[in-house]
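So the chains spell out like this:
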Amino acid sequence: MKKTNVAILGSGNIGTDLLVKIHRSKYLHCSAFIGRNLRSPGMLKAQELGVFVSAEGIDYIKNNPKSCELVFDATSAQAHIEHSKVFKELNITAIDLTPAKLGPMCVPSVNLSDCLNEKNVNMVTCGGQASTPIAYAIGKTQKNVQYVEVVSAIASRSAGPATRANLDEYIHTTEEALKKFSGAAKTKAILNLNPATPCIDMQTTIMAKVENPDIEKLKPLLNEIVHRIQSYVPGYQIVVGPLVENGRIVVTIKVKGLGDYLPAYAGNLDIINCAAIAMAEEYARHWAEEGHSSHKGKII
Ligand SMILES: NC(=O)c1ccc[n+]([C@@H]2O[C@H](COP(=O)([O-])OP(=O)(O)OC[C@H]3O[C@@H](n4cnc5c(N)ncnc54)[C@H](OP(=O)(O)O)[C@@H]3O)[C@@H](O)[C@H]2O)c1
């Protein structure tokens, strides 16, 4: 069997955690880890793992278009807008981990197979991956979803400079995703970067205002969705609810990470990276089955 060659663009918190996870994948091989500075902690980690590294940024892809079939973009929303033009021109499939939201939004537990024919999918945000499947279950089982509000808290240490520069995009993209997946007319997303030490685990609370909340109707689909998420994010669990408080449905979830790059508190890296890998592995299996003309991965 062949592993699909993938490149990671962006060597920060998200890119480096993704690299460690891809190293374990049965379907993916990281053929290039690309950043801007060979001495950054992420680049040093990649070299320690024996992975090919380049500090040329997007120019590496331009100059070596056959080096990969798929690129994970873990840079910033602003940079992805420029990078996406190159991916399109070179016909390389892109999985965007920034909140640029150029391509359709992908939440594997809800719409994985719908994304298979897309060339640039957006993985929304960490808070979005944690909350939209719950909001989807609420939307499917409750009448008249008027408003959904989502509050996520992550350890400040796990938010790199690009995450901080993309806070407006985080809010906008998460709110759009909540509307799309729940059908709610109004949504609000809030992100707390908590500086406490020891660092806090990622936690997200979803609150929904619906007509006559029906928890018993919600539970079966909610349990099924949580089960699906746990198949690719093992540390995802409901810690409160579902319950009705002041007429609103409330569910709180926690995500424990695998501790691949940052310690286990950084479930915010795992929730989006595991989702991105689930999508990439689905592409890899699909291309292998179809005998994709450009399927030229590493033979293992
Ligand atoms: N951290 C999270 O919890 C989280 C969760 C979900 C999504 N995200 C999103 O993921 C993205 C990355 O976040 P992060 O926390 O990993 O930030 P980060 O630690 O600052 O990582 C960003 C990396 O991208 C590199 N980079 C930026 N522009 C580039 C360009 N044009 N070409 C090549 N490399 C470039 C940076 O290089 P330098 O080292 O040279 O600066 C840095 O290594 C952000 O858009 C963020 O919103 C973050």
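Residues numbered from 1 in each chain as written. Predicted model: local features only at pLDDT ≥ 70, side-chain atom pairs only at ≥ 80, totals over all residues. Heavy atoms only, no water.

Enquirer: When you look at the domain arrangement of the protein chain in this model, what are you seeing that I'm missing?
Expert: It is common to give the size of an interface as the accessible area that goes away when the parts come together. You can read the domains of the protein chain as domain 1 (2–123 + 271–299) and domain 2 (126–264). Each of domain 1 and domain 2 has a C-alpha centre, and the two are 25 Å apart. Of the residues lining the interface, 29 residues belong to domain 1; the matching set on domain 2 comes to 33 residues. Looking at the side of domain 1 facing domain 2, the largest losses of area belong to Asn-13, Ser-109 and Ile-271, adding up to 29% of the total buried there. In this structure, the connection of domain 1 to domain 2 is made through two salt bridges. One salt bridge in this structure joins Asp-260 and Lys-21, with 2.8 Å as the shortest N-O distance. Linking domain 1 to domain 2 there are 11 residue pairs in polar contact (both at pLDDT 80 or more). Among the elements of the structure, helix H1 (13–22), helix H2 (41–48), helix H4 (77–90), helix H5 (108–111) and helix H10 (267–290) are those that each provide at least two residues to the side of domain 1 that touches domain 2. In terms of residue class, the side of domain 1 that touches domain 2 is made up of 15 nonpolar, 10 polar and four charged. (Domains from an automatic or database assignment. Contact = heavy atoms within 4.5 Å. Buried area = accessible area lost by both parts, 1.4 Å probe. Salt bridge = Lys/Arg side-chain N within 4 Å of Asp/Glu carboxyl O. Polar contact = N/O pair within 3.5 Å; in protein donor to acceptor, adjacent residues only side chain to side chain. Helix = DSSP H or I, 4+ residues; strand = E, 2+ residues; numbered from the N terminus. Nonpolar A, V, L, I, M, F, W, Y, C, P; charged D, E, K, R; others polar.)

Enquirer: Looking at this model, I keep getting lost on the nonpolar core. Mind explaining?
Expert: Nonpolar side chains tend toward joint burial in soluble globular proteins. In terms of nonpolar packing, the biggest core is built from 74 residues, with Phe-72, Ile-95 and Tyr-236 touching the most fellow members. For this core, the element with the most residues is H10, which contributes 13 residues. Two domains each donate at least three residues to this core, and these are domain 1 (2–123 + 271–299) and domain 2 (126–264). Beyond its immediate sequence surroundings of up to four residues, Tyr-236 is in contact with Ala-130, Ile-134, Val-226, Ile-229, Gln-230, Ile-253, Lys-254, Val-255 and Ile-271. Among the nonpolar cores identified, the runner-up in size contains 13 residues, and Ile-34, Cys-68, Val-71 and Ala-94 belong to it. (Core = buried A, V, L, I, M, F, W, Y, C linked by side-chain atoms within 4.5 Å. Buried < 20%, exposed > 50% of the residue type's maximum accessible area, 1.4 Å probe, protein only.)

Enquirer: In this structure, what is going on with H2? I would like to understand it.
Expert: One turn of the α-helix equals 3.6 residues, which is why residues spaced by three or four share an orientation. The set of residues buried in H2 consists of Gly-42, Met-43 and Ala-46. Taken down its axis, H2 places every buried residue within 100° of arc, on the same side. In H2, the exposed positions angled more than 90 degrees off the buried face are occupied by Pro-41 and Glu-48. In the core, the buried residues of H2 are packed alongside H1, strand S2 (28–34) and strand S3 (53–54). Positive backbone phi, at 80°, marks Gly-50, one or two positions downstream of H2. (Arc of directions from axis to C-beta.)

Enquirer: Would you take a moment to explain the side chain of Gln-142 for this structure?
Expert: As for its position among the elements, Gln-142 is in the loop between helix H6 (126–141) and strand S7 (143–155). Residue classification places Gln-142 among the buried positions, given a relative accessible area of 9%. A polar side-chain atom of Gln-142 sits 3.2 Å from a polar atom in the side chain of Thr-141. When near neighbours in sequence (up to four residues on either side) are disregarded, Gln-142 contacts Val-210, Asn-212, Pro-213, Asp-214, Lys-217, Leu-218 and Ile-249.

Enquirer: Sorry, what's going on with H4 here?
Expert: Between its first and last C-alpha atoms H4 spans 20 Å; for 14 residues at 1.5 Å apiece the expected length is 20 Å, and the two agree. When the local axis directions of H4 are compared, the greatest deviation, roughly 30°, occurs at His-83. Within the span of H4, buried status applies to Ala-77, His-80, His-83, Ser-84, Val-86 and Phe-87. Buried positions along H4 lie against strand S1 (2–9), helix H3 (58–63), strand S4 (70–73), strand S5 (93–96), strand S6 (120–122) and helix H8 (167–182). Downstream of H4 by one or two residues, Asn-91 has phi in the positive range, about 60°. (Expected span 1.5 Å × (residues − 1). Bend = angle between axes of the 7 residues up to and from the residue.)

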